[in-house]
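# Chains, contacts and geometry: an overview
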Amino acid sequence: MNRRCLPLSGFVACCGLAGCVSSFPVDDPNRAAFYDGVETRLLDDDLVNFHVQMTGMATRADVEDYAKCAAAQYALIRGYGFARHVRTNVQEEGGVWRGDAVYTISPALPRGLQTLDAEVVAAACAEQGIPTV
């Protein structure tokens, strides 16, 4: 069942964004994996924590991509063009995959190796059917 939940608290720049996206299947018809939700917490002005969840035949890479897509869209929502990956922890238990990712967001290309052009990444996520915040 494809359905979206509206953000729980709306967009509040100071407090972050909490929301969910439920039951979006991975874009491969041979796999049964679902995007079960994203929770976003603003840790500091430019530091954001993303908790994502997937079920079914997901992989570690699927969970990491889901968090990356959420980070890219969040950067765009905040009016920034870039994000930099800080860390992602992934755990699986009983077919439920959870990711805990941290990204910095910025208006200019940040220093570091794991940077994202938010517009390019968000467009690729849309093409691949990966939901965002």
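Everything here concerns the structure above.
Now for a quick tour of the structure. This structure is a prediction, so every number in the text was calculated from the model and none was measured. (Residues numbered from 1 in each chain as written. Predicted model: local features only at pLDDT ≥ 70, side-chain atom pairs only at ≥ 80, totals over all residues. Heavy atoms only, no water.)

## Concerning the pattern of salt bridges
Following the criterion strictly, the structure yields 3 salt bridges and no others. Two residues, Glu-39 and Arg-41, come together in a salt bridge whose shortest N-O distance is 2.3 Å. In this structure Arg-41 comes out as partly exposed when scored by relative accessible area, which is 40%. Its salt-bridge partner being Lys-68, residue Asp-65 comes within 4.0 Å of it at the nearest N-O pair. With Asp-65 and Lys-68 both in helix 1 (residues 60-77), this residue pair falls 3 residues apart, about one helical turn. Residue classification places Lys-68 among the partly exposed positions, given a relative accessible area of 30%. (Salt bridge = Lys/Arg side-chain N within 4 Å of Asp/Glu carboxyl O. Buried < 20%, exposed > 50% of the residue type's maximum accessible area, 1.4 Å probe, protein only. Helix = DSSP H or I, 4+ residues; strand = E, 2+ residues; numbered from the N terminus.)

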